[in-house]
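# A structural walkthrough
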Amino acid sequence: AAGAAGRGDTFSAVTSVARALAPERRLLALLRRYLRGEEARLRDLTRFYDKVLSLHEDSATPVSNPLLAFTLIKRLQSDWRNVVHSLEASENTRALKDGFEKVEQDLPAFEDLEGAARALMRLQDVYMLSVKGLTRGVFQRVTGSAVTDLYSPRRLFPLTADDCFQVGKVAYDMGDYYHAIPWLEEAVSLFRGSYGEWNTEDEASLEDALDHLAFAYFQAGNVSFALSLSQEFLLYSPDNKRMARNVLKYEKLLAESANQAVAEAVIQRPNVPHLQTRDTYEGLCQTLGSQPTHYQVPSLHCSYETNASPYLLLQPVRKEVVHLEPYVVLYHDFVSDVEAQKIRGLAEPWLQRSVVASGEKQLPVEYRISKSAWLKDTVDPMLVTLDHRIAALTGLDVQPPYAEYLQVVNYGIGGHYEPHFDHATSPTSPLYRMKSGNRVATFMIYLSSVEAGGATAFIYANFSMPVVKNAALFWWNLHKSGEGNDDTLHAGCPVLVGDKWVANKWIHEYGQEFRRRCSSSPKD
Ligand SMILES: O=C(O)CCC(=O)C(=O)O
Ligand SMILES: [Fe+2]
């Protein structure tokens, strides 16, 4: 089916995560059938066992009874053989495995596990969340001694030792010990607490977690932690030669450095090269909605926009000027709940992993985690109505090719769009293929609310807009001269909790000549 999540394509949109509930329900039905089968089998074995046992427990078992003698011989010659060689257990297992194979092509792939683990680490970084808290199922920011709940879930979903191990392992395998350490710490501490209990579904054990954590500490320059974790490992697996060699190596290193003062290595968060603006960006994501209000800036105001349009005179839209340079406005209740839901529904079957322009190509990237779909006006008459409304509000021509089709976006787990420009910054950009110039303006509609996170942050303009369901955000990307306005650098913050949907209408330069006068001053 169109839009069905392929393997490795589940984590990048919350809708596709939701779709993964279906195969799990099939697996549950399969396991229930298996358990019923095994219960029946064990009940029958228990019946046979009890029957034979009762014959033996009767001290006066009269072997002289020819009937009893016959059944004893029959049991030993035939019954026991049938019991021991019964195929039922393997038939039950076979059915379980065959059923699993049928579901298998619909299951998330390793890329999904990696993507979901990286999402947790991204949320941990951007919102300064405590890993210990996340493990317990809470979203807490810990700064010094202050603990703030960023979101209080109605029900806690704590993580297991093996869950934490898998997150840590994804970081570990990328050589990212900064993130590997806290997650493996949680894994070790949870595995210690339940030592001796084994869960069938677990991939890892206390030994695995100790092994990885010891090496991560060693890589991070903390030899004494690496040593004590390795020694603990040897308590459980004394015959492991590799670990015994590591212990000797760590002891030697510590003895050598005992005379010199060792500076405790402080491990740095891995740097993302394309994100120089990281600190500002993350600050804006954390302080959701830090836009100045009109009380602070008198020229920012609220009004009912009619724009002399007959359409808007009938139904004015409440307009809030959010920022002046660059000029950003928010139109409240631009769509209704029904319209927002309709647009999401129209797009859903066509959602594909979002791409970004990279040179002349379009590629999926780690810094944009979402799925999106393009909706032509011909898909539904409601989209034409929407275009008319955008045109009435902005005074711009949004007919193709002067504007792009509507791009509907659904964010994934920790989904985000790191700081970027909507307009092309290189003459070879695929955006110019429409031959109607650059993206002069963005009209972005919030089609959902979110529980936490997911604000739209304007980095250089230094404000962020929290998701306001049904509202639309408008801004000019280009100066009147046609030059890109660098102050429009903006981002979609990672979604902490929720299913975030937006729709973009990108309006191009051509066609607007008489609607927005040009100017040779780049400042306009
Ligand atoms: O989701 C957001 O808040 C921003 C989205 C955005 O900037 C984009 O899609 O170009
Ligand atoms: Fe954007």
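Use the structure listed above.
Below, the structure is looked at part by part. (Residues numbered from 1 in each chain as written. Chains lettered and ligands numbered in written order. Predicted model: local features only at pLDDT ≥ 70, side-chain atom pairs only at ≥ 80, totals over all residues. Heavy atoms only, no water.)

A few words now on the site of ligand 1. Taken together, 13 residues lie near ligand 1, and Tyr-411, Thr-456, His-490, Lys-500 and Asn-504 sit nearest. His-420 has a polar side-chain atom sitting 3.1 Å from an oxygen atom of ligand 1. Separating an oxygen atom of ligand 1 from a side-chain N or O atom of Asp-422 is a distance of 3.1 Å. In isolation ligand 1 offers 300 Å² of accessible surface; the protein chains occlude 100% of this area. A per-element tally of the shell around ligand 1 places strand β19 (residues 501–508) first, with three residues. Partitioning the shell around ligand 1 into residue classes produces five nonpolar, five polar and three charged. (Near = heavy atom within 4 Å. Polar contact = N/O pair within 3.5 Å; in protein donor to acceptor, adjacent residues only side chain to side chain. Areas by Shrake-Rupley, 256 points an atom, 1.4 Å probe, with all protein chains shown as cover. Helix = DSSP H or I, 4+ residues; strand = E, 2+ residues; numbered from the N terminus. Nonpolar A, V, L, I, M, F, W, Y, C, P; charged D, E, K, R; others polar.)

For the rest of this paragraph, the subject is the nonpolar core. Counting residues in hydrophobic clusters, the biggest one holds 54 residues, and the most contacted among them are Tyr-127, Phe-191 and Leu-496. No other element matches the eight residues that helix α8 (residues 177–193) contributes to this core. Once residues lying within four places of it in the same chain are set aside, the contact partners of Leu-496 are Leu-123, Tyr-127, Leu-129, Phe-139, Leu-150, Ala-452 and Gly-453. Listed in part, the 38 residues of the second largest apolar core include Leu-312, Val-440, Ala-472 and Trp-501. (Core = buried A, V, L, I, M, F, W, Y, C linked by side-chain atoms within 4.5 Å. Buried < 20%, exposed > 50% of the residue type's maximum accessible area, 1.4 Å probe, protein only. Contact = heavy atoms within 4.5 Å.)

With 14 residues, helix α9 (residues 206–219) should reach 20 Å at 1.5 Å per residue; the first-to-last C-alpha distance of 20 Å fits that figure. Along α9, 10 of the 14 residues are buried, which leaves the element largely enclosed by surrounding structure. Taken together, the buried positions of α9 are Leu-206, Glu-207, Ala-209, Leu-210, Asp-211, His-212, Leu-213, Ala-214, Ala-216 and Tyr-217. Where α9 ends, the next residue or the one after it, Gly-221, has phi of about 95°, a positive value. (Expected span 1.5 Å × (residues − 1).)

Looking now at the pairing of strand β4 (residues 317–323). With five of seven residues buried, β4 lies mostly within the body of the structure. Here four bridges tie β4 to strand β5 (residues 328–331), and the two strands are oriented antiparallel to one another. By the bridge assignment, Lys-319 is partnered in β5 with Tyr-331. Remark: four residues form the turn of the hairpin made by β4 and β5, two consecutive strands paired antiparallel. (Pairing = 2+ DSSP bridges.)

Strand order in the open sheet formed by nine strands is β3-β4-β5-β16-β12-β19-β10-β9-β6, and the pairing between neighbours is antiparallel. Looking at strand neighbours, the two that pair on one side only are β3 (302–305) and β6 (352–353), the edges of this open sheet. With two bridges joining them, β6 and strand β9 (residues 370–375) adopt antiparallel strand pairing. Of the residues in β9, the one forming a bridge with Gln-352 is Ser-372. Running at roughly 95° to β9, helix α14 (residues 337–347) makes contact with β9, β10 (406–411) and β19 of the sheet. (Axes fitted to C-alpha atoms, helices over the stretch in contact; angles between N-to-C directions.)

Here four strands make up an open sheet; going across it, the order is β11-β17-β14-β15 and the pairing antiparallel. The sheet is open, and its two borders are formed by β11 (417–420) and β15 (463–465), each paired with just one other strand. Across the sheet, the mean angle from the axis of one strand to that of its neighbour is 15°, orientation sign disregarded. Of the pairings in the sheet, the one linking strand β14 (residues 456–458) to β15 comprises three bridges and is antiparallel in character. Within β15, the position partnered with Thr-456 by the bridge is Met-465.

Turning our eyes to something else, we now look at the state of the cysteines. Under the definition given, this model contains one disulfide. For Cys-285, the disulfide goes to Cys-493, at an S-S distance of 2.0 Å. Taking the torsion about the sulfur-sulfur bond, which here is approximately -85°, the covalent link between Cys-285 and Cys-493 counts as left-handed. Here Cys-285 is found in helix α12 (residues 278–286), whereas its partner Cys-493 is found in the loop between β17 (490–492) and β18 (495–497), with 208 residues between them in sequence. A relative accessible area of 0% means that Cys-285 is categorised as buried. (Disulfide = S-S within 2.5 Å.)

We now examine the coordination of the iron ion (ligand 2). Distances from the iron ion (ligand 2) to its protein donors, His-420 (NE2), Asp-422 (OD) and His-490 (NE2), fall at 2.0 to 2.1 Å. Coordination of the iron ion (ligand 2) draws on donor residues from a single chain, spaced H-x1-D-x67-H in sequence. Here His-420 matches Asp-422 in class, with each residue buried. (Donors = N, O, S within 2.8 Å, 3.2 Å for Na, K, Ca; no water.)

Here the focus is the side chain of Asn-410. Structurally, Asn-410 can be placed in strand β10. Look at Asn-410 and you get buried, because its relative accessible area is 0%. Of the polar contacts made by the side chain of Asn-410, one reaches the side chain of Thr-15; its length is 2.7 Å. Apart from the residues lying within four places of it in its own chain, the contact partners of Asn-410 are Ser-12, Ala-13, Val-14, Thr-15, Leu-351, Ser-370, Lys-371, Asp-499, Lys-500 and Trp-501.

The values reported here are purely geometric and, on their own, carry no functional implication.
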